[in-house]
Amino acid sequence: MKISNYLPVIFFVACLSFFACEHNQKSDNEVHPSGAAQALDSWTYLRTYPDGKLHNKKYEEAFQQKQQQTLNSQTVTSEGAFEALGPKNIGGRTLCIAFHPTEPFTMFAGSAGGGLWKSTLAGFGTNAWQKMPINFPVIGVGAIAIQPDNPEVMYIGTGEVYNFSDASIGNINRTTRGTYGVGILKTEDGGATWSKSLDWELDDFTGVQDLMIDPANSAIIFAATTEGFYRSQDAGASWALVNDVEMAVDIEINPQNSDIIYVTHGGLNSPDNGIYRSTDGGDNFIKLDLGGSFNDWTGKTMLSINPVSPNEIYASVADAFESIGLFKSVNNGDSWSLVNSNDVALYQGWYSHDVAVNPVDPNTVIHVGVEAFRSLNGGNSFNQVSFWDLWEFGQVPVGGPEGPLNYIHADIHQVKYHPTIDNLVYVATDGGIFDSSNNGLSWAGRNGGYQTQQFYPNFSNSSTDSLFAIGGMQDNSTAIYTGEDAWTRVLFGDGMCTAINQDDDNIVYGSYQRLNIFKSENRGLSWYGFSNLFGISQPIFNGPFCLAPSDQNTIYAGSQFMHFSDDGGDNWVTSFSTVSGNNSVLTIAVSPINKSLLYASTADVLLSNPPTVAKSEDGGFNWTEISGLPNRNAADIAFDPIDDQIVYVVFSGFNTNHVFKTTDGGQNWNAIDNGLPDVPTNTIVVDPLNGDYIYIGNDLGVYASTDGGENWELYSNGLPEATLVMHLSISPSNRKLRVATHGTGVYQGDLLDSNPPVATNDLEKNRIKQLKNYPNPTSAASRIDFVLEQKTTFTLSLFSNNGTLVKTLYEGTKLAGAHEFNFDWRELPAGMYYYSFTGRVVEGNKGFRQSSGFVKK
């Protein structure tokens, strides 16, 4: 076998460069590979294959079913089951900010994956931000508008979409996006309750990029959306499309004459990009002429009006992968001049840049993109005032500095001056919220408690220390949890897959884009990279790797091939037989018993080949594709803990079953979706101490099964109302389920069976046959029926959902045959409980543990 020794692949949409392979904590920040396009494309591809549609309507219907299920208490959950772990010192991707018109320290933030947030402390302090419940499946908030004369009235725009292309067959495909969109929502009581204003029941990609209220008439609202430019003249009760050009992005209204309205249109591959103006309140629009060759661009444009002299307007114009420059008009847009050609957006002109004029000093202009720049002479010249590569690694304090005074996280989506506090300016970035109190000269992070990080698979836990875990985040590197709200940032770029050696948690693995893997032998204090990997093939953006459960020195990593190390990563062997044609590996699962038995799912993001699931019995050198599974992307695979012929696979996408099970090593598969919604399902984990207890995470939350997947119930109490669960894992030492989300950080909660088991090396499965407990739920009595195949000694105990022993129900021996127990629960408080059988089969002395849950009403 030949040892592979290849340089890492350089494969970025924007032709970004990578880092060297060995780093220390302070030199990890030399180049910034945000990977925004790849991250959003990957998110979309998994969910829209094979029809190219994101089924917003079906997603919202599933959310309403979930809400009803919660109200009816038909769930296996208890109050406060999950608690937030953080990070609370690192902000996540943020799209917009808004200020309360009369309370100067109250502000709002729209996150890309975590919904709407509020601060009454202007973002200052360790607990500056609180998430606002919406009661709609709102994950991404791209726009916020607050009514000036009645701040209790607020509108939010949902969904995040950047790419627009007209395919040759005439279908509309917007592939670069990051969240679902349900239109525009409205509150009239400061956010206590919400209702739909603009309701898009579309099985398509819709998003709202900007909202503005007419300063002269608060009943008139304007919305820049993926479908065009909309106007409401009755406070959002109805809407009309007034500029029928797709991908409206930014709105500005002349503060002295609100009949003059500007709106920009454009995104990645959008038609009719341009700046449009209305002089009659939105009845009619004309496209403005920037002059010469500047009228055609492929990115988006952002505007800012000089409030002192509103005939003066600035436009930040960009191609998809570079800025064109900052333009200025002094005659309401009739003519324009290029005042500065600084390339602030760099490779992300389709994604993140903006401009703002200081309302008390109009000569000061802040122009932002990957970095922030300031002009003191009306845009004629700029000085750079932020440097993203100065971000600090290690454990920055919650609510405290995240770098020096000239640090802002890269990829700035919005810049806004505070309306009532002079020279105070805020920015919304891919790393949260930053502000400057001195007109943009120096900056500070304002992310205390702003738990909005977008985690990727795979999140990892120590087997012996419940206060040690690690996970990778979109555009925010990798973070280590050590039991505090402040996590420790390590590595760089987009943090991807991680692993902790379960025999020695000093040994930790992390990675960044395209399967660039690093190893630490001192719990993440220092790292070194594997420079001999994967140059001959193309890993996906979030290239997977994992450690074999039965041999923690064995590592598998997937590109188009499977790569293998049996010495903890020091040396690697590559199988030169691809896993599935030209497809790349999405996820890998290794048998807990036999390290040579693997399953892998694959996908071809170019859509020339269907996704597959394949099996190898020789450590990844030869593969057999599995039949009988749906034509969707298999997002995760899990083995039963003691029987590796039992395997589970979960699928993304819509209009399909999402969970499949085999009991014969992949020869036959059964869909086991009873009780699950038809939404993308991302992750599955089986309790290693009780194989009948299984958990899945989908785009709405967590669901649990106590009977090997035959039935599922909601298990999401304590999680945000719409939680995109990216990965589930179990912390063995404290028996907790950890939930890594794509937008709200990490949570943990009790497992359904949180008690110590009998010796794990002596366990057998399913010794109790035909186990039933009914009625379920019950308000009075219940009955347990079961069958024993052999004479069995056991204890039957009743536990509360948090793992506390309520009472012992039976201790003794039963002969083979059918048995029943009857119980009266009228004095038992309402809640979730479970029975637990623990014992041994008399003949053969084999131990077992088996449980079943029920709800007491």
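All figures in this text were calculated on a predicted structure; none of them were measured in a lab.

This part covers the packing of aromatic side chains. Evaluation of the coordinates by the stated rule reveals 44 aromatic pairs. With a centroid separation of 3.7 Å and 5° between ring planes, the pair formed by Tyr 59 and Tyr 180 is classed as stacked. Of this pair, Tyr 59 sits in helix 2 (residues 56-71) while Tyr 180 sits in the loop between strand 12 (177-179) and strand 13 (183-187); the two residues are 121 residues apart in sequence, bridging distant segments of the chain. Judged on exposure class, the residue Tyr 59 and its partner Tyr 180 are both buried. When the ring of Tyr 556 is compared with that of Phe 564, the centres are 5.5 Å apart and the planes differ by 45°; the resulting orientation is tilted. Like Phe 564, Tyr 556 is buried. Above the ring of Phe 124, the side-chain terminus of Arg 446 is found at 3.7 Å from the ring centroid. We note Arg 523 situated over the ring of Phe 468; from NZ or CZ to the ring centre the distance is 4.1 Å.

Relative to the helices and strands, Gly 400 is located in the loop between strand 30 (383-384) and strand 31 (412-417). Along the backbone, Gly 400 and Phe 124 are 276 residues apart, and their C-alpha atoms lie at a distance of 8.7 Å.

A word on the side chain of Ser 462. Relative to the helices and strands, Ser 462 resides in the loop between strand 35 (460-461) and strand 36 (469-472). Classification of Ser 462 as buried rests on a relative accessible area of 0%.

All right, on to the nonpolar core then. Counting residues in each nonpolar core, the largest one holds 31 residues, and the members touching the most others are Val 368, Ile 408, Val 415, Val 427 and Trp 527. Sort the elements by how many residues they give to this core and strand 31 lands first, with three residues. Ignoring anything within four residues of it in the chain, the contact list for Ile 408 reads Ala 372, Ser 386, Phe 387, Trp 388, Val 427, Thr 429, Phe 434 and Trp 443. Within the second largest apolar cluster, 19 residues are counted, among which are Ala 81, Leu 719, Val 739 and Leu 751.

Here we come to the pattern of salt bridges. Scanning the entire structure with this criterion turns up 19 salt bridges. Lys 328 serves as the salt-bridge partner of Glu 312, at 3.9 Å between the closest nitrogen and oxygen. Of this pair, Glu 312 sits in the loop between strand 23 (301-305) and strand 24 (313-319) while Lys 328 sits in strand 25 (residues 322-329), and the two are 16 residues apart along the sequence. Residue Glu 312 is classed as buried on the basis of its relative accessible area of 14%. Since its relative accessible area comes to 17%, Lys 328 is described here as buried. Here the residues in one salt-bridge network are Glu 60, Lys 196 and Asp 199, joined through shared partners.

Criteria and cut-off values
- Residues numbered from 1 in each chain as written.
- Predicted model: local features only at pLDDT ≥ 70, side-chain atom pairs only at ≥ 80, totals over all residues.
- Heavy atoms only, no water.
- Phe/Tyr/Trp six-rings, centres within 6.5 Å; stacked < 30°, edge-to-face > 60°.
- Helix = DSSP H or I, 4+ residues; strand = E, 2+ residues; numbered from the N terminus.
- Buried < 20%, exposed > 50% of the residue type's maximum accessible area, 1.4 Å probe, protein only.
- Lys NZ or Arg CZ within 6 Å of the ring centre and 35° of its normal.
- Core = buried A, V, L, I, M, F, W, Y, C linked by side-chain atoms within 4.5 Å.
- Contact = heavy atoms within 4.5 Å.
- Salt bridge = Lys/Arg side-chain N within 4 Å of Asp/Glu carboxyl O.

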